[in-house]
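# Summary of structural features
Listed here are the chains, written in short residue letters.
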Protein chains: 2
Amino acid sequence: MDNSIQDMDETFEYSEEKIFSLLEEKKYFQCRDELLKFNAVDIAEMLEDVMREYDMQKAVVLFRTLPKDVSVEVFPNMDVDNQVEIINIITDPEIQYILDELDFDDMIDVLEELPANLVDKILEKTPKNERRQINTFLRYKENSAGSLMTPDYIELRKDMTTKEALAHIKEVGMDSETIYTAYVLSGGRKLIGIVSLRSLVIAPDHEKVSELMHEDIILAHVDDDQEEVSDLFKRYGFLALPVVDNEGRLVGIITVDDILDVIEEEMTEDIERMGGVIDSTDKEYLDMPVMDHVKAELPWLLLLMCSYFITGGLIARFEDALSSVVALVVYMPMLMGTGGNSGTQTTTLVVRGMSTGEIEMGDALKVFWKEFRVSIVIGICVSAVNFVRIILLDHNGTLVALTVCVSMLLIVIIAKCFGGLLPMGAKKIGIDPALMSGPMMASLTDMVSLGTYFIMAKYFLNL
Amino acid sequence: MDNSIQDMDETFEYSEEKIFSLLEEKKYFQCRDELLKFNAVDIAEMLEDVMREYDMQKAVVLFRTLPKDVSVEVFPNMDVDNQVEIINIITDPEIQYILDELDFDDMIDVLEELPANLVDKILEKTPKNERRQINTFLRYKENSAGSLMTPDYIELRKDMTTKEALAHIKEVGMDSETIYTAYVLSGGRKLIGIVSLRSLVIAPDHEKVSELMHEDIILAHVDDDQEEVSDLFKRYGFLALPVVDNEGRLVGIITVDDILDVIEEEMTEDIERMGGVIDSTDKEYLDMPVMDHVKAELPWLLLLMCSYFITGGLIARFEDALSSVVALVVYMPMLMGTGGNSGTQTTTLVVRGMSTGEIEMGDALKVFWKEFRVSIVIGICVSAVNFVRIILLDHNGTLVALTVCVSMLLIVIIAKCFGGLLPMGAKKIGIDPALMSGPMMASLTDMVSLGTYFIMAKYFLNL
C-alpha cells in the first residue's frame, strides 16, 4: 500500500507485459487474475493497450472473462472509440447489461458514437420515459453544457427538515451522479436553491432546507459552451453546476470530474492551433490514421505557403540589388527567424492571457504599449550583438552592419507590437486567436521582415 | 436568478464601472453596498481591478469597509501578491483575524510570500502546536504535493459504526477542507482505508467503517511533483487525494479545487515554453513588469539567433553560386518557412502526446514511422503546388523547379521525422520537450532547409 507514484507505474508495466505473454499462450483466465489485481481505471488502460497493440478480438474475449461487477466499472473508463468496438462485438444482453449500469452521461457518450440503427435497437428495449430523456440528451450540441450534464441529481423540497433530507438522500443517493450537492426545486421544476451535503450533515436535525440553501445560484444554460462552463468551475471551485433549459427549468447537473477533461481538451485545442494543427480529431496521436494527420496539417500549411509567394515576389523585385550585394542574403534567414521567434513569444503570451480572460478587448492599447517597450529593449540587445558580429567576425563594413541592425530593431518592434494586436484583431472578426500564433506569426513576420530589410538596404546602401 | 453566463458578465462590468465612479467621489459606503450585491469571488475580482487600475490604498480602505464575515471569504479569492499588499497595510489584529479564518493551505500560501520578519511576528501569536505544523508546511518544496495539501481532513477509526462516524463528522466537519472523503488511520497514524461520505450516508446505521472503507488506496508522497498529482486526479476522477510522508504516515490531503489551478498552471508553462517564453513569473501578462518580459524572452532569443550564425555561414559559403542564379534566393524563405511550419506541427502533437503520457520513450520508432508516412504525403502535395507555380507563374524553368521541389520534399520529411524525435531526445537527456517546439524547431529547420536546398542546387544546377 505504501506505493509511490513511480512504483505504481512500474508495477503496472510489469503486469502488462505478463498479460501480453499470457495472451500469447491463450491463457485467458490467468490473464484475468492478473488484471483483477488492479482497479477499474488501470484494467481499462491495460485492455486498451491490448486492443491497440495486439488484437481487438482477444481484448474483447478478455473483457468478457471479467466478473460482471468489474466489467461495468471498467467499461466507462475506456475511450469512447474502444467502447464502440466492444459494443459491436458483444451480445445484445451484454450490451443491455452494461448500458443499464452506466452513469447516464457516460451512456449518452457511447450512444452518440454508435450507428443510428444500433441506437434504435438499444432504445427499443428501454422504458418509454427513459427513451424520451435519452433522445433529448442526444440532441444537445457537441461541446455544449447539455452534452456534459447528467439528469441524475438529488432533488429536495424547501420545507424538508435536515433529517428528512438526509433520509431522502440515503434512499435515492445510490443512483445519482453526486450526492454532495442537492437541488431545491419549486413546483414548476424551477431551481430555487442549492444545498450542500456538508451543510446538511453539519446542521441540527430539525433545521429546514430553506434555511440552509443558497439562493444566489450560479448556473449554466444547456446551450452554453463547455469552455464557459469550465471557466465557472475554475472561478468558483464548484463540485457541481446546475444546468437549466430555456424556460429556466433544471434539466441536469455537470460534475467536476467531467470538467477536468474539458479543461484539458480545450487547452489541447489551443496548443494544437498555436502549433498550426487545425481541427485534429479527438483521437490520440498514436491512434490517428496517417490521412487524418494530413487533413489536420496540410490545408493550413498550403495557406501559409501562399504568403511566401508574396515574400518571394518581394525578393524577385529586389533581385538586381541583391546580386550587387550578395552579402545581404547572408543575414536574411536570421532577420526572418528572429522576427518570427520574437513575434511568436508575444502571441503566445497574449493568446494565453486572452483565453484565461485576463486580457480583454479593451486592453489593446495596454498590450501595444507594453510590447512597444519590451521590443525596444529586446531589439537593442539583439541588434548590438549583431553589430559586433558583423563588424568583427564577418568584416562586412559599417554600412551593411547598420542596414542589418536597424532592420533588426525595426523588425523586432513590428513583430512584437503586431504580434500583440494580431490575436485581438482576429477575435474581433470572429477568428480563434490561437490560430494567429506560431506558424501564422512566423509566416507573416517573414514577409514584413524582408520588406523592412529591403527598404533599409535601399536607404543605407543606395541600392 | 435566471442569469446566463453572458448576463452575469454584463452585470459585473456595469457594477464595476459604478464602483470606479463612486470611488472617484470617495463614497466608500455606497461602494461597499454595490460590492455586497456580489459573491466573494466577484468582490475579490472587483477589488483586484481597483488595485491594479486605480489605487492600492483605496482598494484596502474599501476592503476594510466590508463586514468581517464577508472580508474573510473575499481574501482567499485574491491573488497571493494582492493578499500580501493588503497584509502590509492593515493592522495586526486584522491580520490575525483574517489568517485565523483562512483554510490552512491558503494561509500557508500567504505566509510563503510574506517577508520573514512579518511571518515570525505572526507566528509568535499562534499556539505552539499550530506553529510547529505551519513551519513544517512552509518547508515543503514549491510545486510539490506537500505544498498543495492541507492538514484539515476528517479522521475516522475503523471500528466506528456509520452512525458514530456521521456524528463525528457533524462535530468536526466545520473545520475541515472536505468532508466528502474521510480517512481511516491505524495507531501509528498510518492510513489504512478511505471512506466516502456518500457510502456513509447511504449505508445502514450500524454498519462498521471497516466494512465500508476502501483499502487499495491511491496516494501521493509529500515530495511528489504537482504534475504527477494532477495526473492522478485526471486519471481517477478523485475529489481528494491523501498525502503521506516518508514513514507512510498521513500528513494531509489535496482537494480537487486546488488541482484545477495546477492543471492550468502546468499547461500554461507548456504553452509558454512551446512559444519560446522561458520561466516567466506566475504574474499575469498585464501585471508583469517590462524587464520581467525581457528576462523571460531575451536569453532564448539570443540563443536561437546563434543558430543563424551557422545558417548565415552556409549562405556565405554558397555566395558565388547564389550570385550566378539569384532566382534561387526567391525560394529560400518559402523553403525555410514551410519546413519550420511542418516541423512545428509535428513537435506540437508529439510534445502534447508526451505530456498526457500517451507517447512514451519506447514509442520513438512508431512516431518516426508515422511522421515518415505523413511527411511523404504532405511533402508531395506541397511540392506539386510549387512545381506548377514555378513553371507556369514564375517561368523559371524545369531545373530550378526540380531543385526547389525535391528540396521541399526532403525538407518536409526531415523536418517532420526530426520534429517527432527531437522532443523525445530532449526528454532522454533531461530537457523539457516543450522547449523543442515552436521557435527552437523553426530555427533548427531553417539551418537544415538551407543546407538541403544548396546540396540540391549543386546537384541539379551543377553550381
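Looking at an unreviewed UniProt entry, one finds chain A named Magnesium transporter MgtE, with Mogibacterium kristiansenii as its source organism. Listed in UniProt under the heading Subunit (unreviewed entry), the comment for chain A reads: "Homodimer." UniProt lists a comment for chain A under the heading Sequence similarities (unreviewed entry), and it reads "Belongs to the SLC41A transporter family."

Okay, a negative patch on the surface next. All names here are of chain A. A cluster of acidic side chains, namely D79, D81, E85, D103, E112, E113, E142, D257, D261, E265, E269 and D282, defines a negative patch on the protein surface. Looking at the negative patch, the elements with two or more residues in it are α6 (80-89), α8 (104-113) and α16 (256-274). Counting residues per element, the negative patch draws most heavily on α16, which supplies four residues. Classification of D261 as partly exposed rests on a relative accessible area of 41%.

Another point: the nonpolar core. The tendency in soluble globular proteins is for nonpolar side chains to be buried side by side. If you look at the biggest cluster of nonpolar residues, it comprises 145 residues, and the most contacted ones within it are L47, V74, L114 and I254 of chain A together with L47, L114 and I254 of chain B. V330, M334, M408 and F454 of chain A belong to the second-largest nonpolar core, a separate cluster that totals 74 residues.

Further remarks concern empty space enclosed by the protein. One pass over the full model with this rule turns up ten cavities of 30 Å³ or more. In this model, the largest cavity occupies a volume close to 200 Å³. What lines the largest cavity is a set of 19 residues, and nearest its centre among them are G340, N341 and A442 of chain A together with N341 and A442 of chain B. Of all the secondary structure elements, the ones that give two or more residues to the lining of the largest cavity are α19 (327-355) and α22 (439-461) of chain A together with α19 (327-355) and α22 (439-461) of chain B. Residues of the lining of the largest cavity, tallied by class, amount to seven nonpolar, ten polar and two charged.

All right, on to the side chain of E272 of chain B then. In this structure, E272 of chain B sits in helix α16 (residues 256-274). The buried charged residue E272 of chain B lacks any salt bridge partner; its closest oppositely charged side chain belongs to R352 of chain A, at an N-O distance of 6.3 Å. With residues up to four places along the chain from it excluded, the contact list for E272 of chain B reads T348 and L349 of chain A together with V277 and S280 of chain B.

Conventions and cut-offs
- Residues numbered from 1 in each chain as written.
- Chains lettered and ligands numbered in written order.
- Predicted model: local features only at pLDDT ≥ 70, side-chain atom pairs only at ≥ 80, totals over all residues.
- Heavy atoms only, no water.
- UniProt positions renumbered as here; feature names shortened; annotations may be inferred.
- Patch = residues over 30% accessible without salt bridge, like charges linked within 9 Å, V, L, I, M, F, W, Y side chains within 5 Å.
- Areas by Shrake-Rupley, 256 points an atom, 1.4 Å probe, with all protein chains shown as cover.
- Salt bridge = Lys/Arg side-chain N within 4 Å of Asp/Glu carboxyl O.
- Lys, Arg positive; Asp, Glu negative; His and termini not counted.
- Charge placed at Lys NZ, Arg CZ, Asp CG, Glu CD.
- Helix = DSSP H or I, 4+ residues; strand = E, 2+ residues; numbered from the N terminus.
- Buried < 20%, exposed > 50% of the residue type's maximum accessible area, 1.4 Å probe, protein only.
- Core = buried A, V, L, I, M, F, W, Y, C linked by side-chain atoms within 4.5 Å.
- 1 Å grid on protein atoms, 1.4 Å probe; cavity = no way out; pocket = protein on both sides within 12 Å on 5 of 7 lines; lining within 4 Å.
- Points joined across faces, edges and corners; volume = space filled by probe spheres on them.
- Nonpolar A, V, L, I, M, F, W, Y, C, P; charged D, E, K, R; others polar.
- Contact = heavy atoms within 4.5 Å.

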